[in-house]
Amino acid sequence: MDWIILILAGLMEVGFTFCLGKTKTSTGHELAMWWLGFLAALASSMYLMAKASVKLPIGTVYPVWTGIGAVGAVVVGIVFFHEPATF
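Novice: Sorry, what's going on with the environment of Ala 50 here?
Specialist: Residue position: Ala 50 is located in helix 2 (residues 28–52). The partly exposed category is assigned to Ala 50, whose relative accessible area is 43%. Sequence separation of Ala 50 and Leu 6 is 44 residues, and the distance between their C-alpha atoms is 8.9 Å.

Here is the structure:
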């Protein structure tokens, strides 16, 4: 169960990255909603990561969380924000 919580924490990190990216092109009420989504995903990610670290070693939790977030952010950037897929 702790691994599932950790994976969800990583996915929430991808979620807050996506919301942050959407704030660049939004205005008004839509911008506020993306910021609220960012804050909710950020809080969820931190909470879930902390919960997973109760039973899993932090030396495992942090790299897995960061790895999911890093790979997810690259994929989100390419798929949703049309960023180049080059080095």
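Don't stop here, the text continues.
Novice: How should the packing of helix 2 against helix 3 (residues 58–81) be read in this particular structure?
Specialist: The relative placement of two packed helices comes down to the angle between their axes together with the axis-to-axis distance. Following both chains from N to C, one finds helix 2 and helix 3 inclined at 150°, their axes separated by 9 Å at the closest point. Here helix 2 lies roughly antiparallel to helix 3, going by the angle between them. For the crossing formed where helix 2 meets helix 3, the hand is right-handed. For the pair formed by helix 2 and helix 3, the contact residues are Ser 45, Met 46, Met 49 and Ala 52 on the first element and Val 61, Tyr 62 and Trp 65 on the second. When grouped by side-chain class, the residues that make up the contact of helix 2 with helix 3 number six nonpolar, one polar and no charged.

Novice: Whenever I open this one, the environment of Asp 2 confuses me. Can you help?
Specialist: You can see Asp 2 is positioned in helix 1 (residues 2–22). It is 9.4 Å that separates the C-alpha atoms of Asp 2 and Met 49, two residues lying 47 residues apart in sequence. Apart from residues no more than four positions distant in its own chain, Asp 2 is found in contact with Ala 52, Lys 55 and Leu 56.

Novice: Looking at this structure, I do not really get the side chain of Ser 26. What am I missing?
Specialist: One can find Ser 26 in the loop between helix 1 and helix 2. With relative accessibility at 7%, the residue Ser 26 sits in the buried group. In terms of polar contacts, Ser 26 uses its side chain to reach the backbone carbonyl oxygen of Lys 22, at 2.8 Å.

Novice: Quick question: what am I supposed to make of helix 1 here?
Specialist: Quick reminder: α-helices carry 3.6 residues per turn. Residues three or four places apart thus point the same way. Given a rise of 1.5 Å per residue, 21 residues ought to cover 30 Å, and the 30 Å separating the end C-alpha atoms of helix 1 matches this to within 8%. Looking at helix 1, one finds that the buried residues are Ile 5, Leu 6, Ala 9, Gly 10, Glu 13, Val 14, Phe 16, Cys 19 and Gly 21. In this fold, the buried residues of helix 1 make contact with helix 2 and helix 3.

Novice: Sorry, what's going on with the side chain of Glu 13 here?
Specialist: You can see Glu 13 is positioned in helix 1. One buried charge, Glu 13, has no salt-bridge partner; the nearest side chain with opposite charge is Lys 24, at 17 Å. The residues contacting Glu 13, other than those within four sequence positions of it, are Ser 45, Trp 65, Thr 66 and Gly 69.

Novice: Just checking my understanding: could you explain unusual backbone geometry for this structure?
Specialist: Where the residue is not glycine, phi is negative for most of them; where a peptide bond is considered, it is trans in most cases. Its identity is not glycine, yet His 82 carries a phi of approximately 55°, on the positive side. For His 82, the location among the structural elements is in the segment after helix 3.

Criteria and thresholds
- Residues numbered from 1 in each chain as written.
- Predicted model: local features only at pLDDT ≥ 70, side-chain atom pairs only at ≥ 80, totals over all residues.
- Heavy atoms only, no water.
- Helix = DSSP H or I, 4+ residues; strand = E, 2+ residues; numbered from the N terminus.
- Buried < 20%, exposed > 50% of the residue type's maximum accessible area, 1.4 Å probe, protein only.
- Axes fitted to C-alpha atoms, helices over the stretch in contact; angles between N-to-C directions.
- Parallel < 35°, antiparallel > 145°, perpendicular 65-115°, else oblique.
- Left-handed = near helix turned anticlockwise from the far one by under 90°.
- Contact = heavy atoms within 4.5 Å.
- Nonpolar A, V, L, I, M, F, W, Y, C, P; charged D, E, K, R; others polar.
- Polar contact = N/O pair within 3.5 Å; in protein donor to acceptor, adjacent residues only side chain to side chain.
- Expected span 1.5 Å × (residues − 1).
- Lys, Arg positive; Asp, Glu negative; His and termini not counted.
- Salt bridge = Lys/Arg side-chain N within 4 Å of Asp/Glu carboxyl O.

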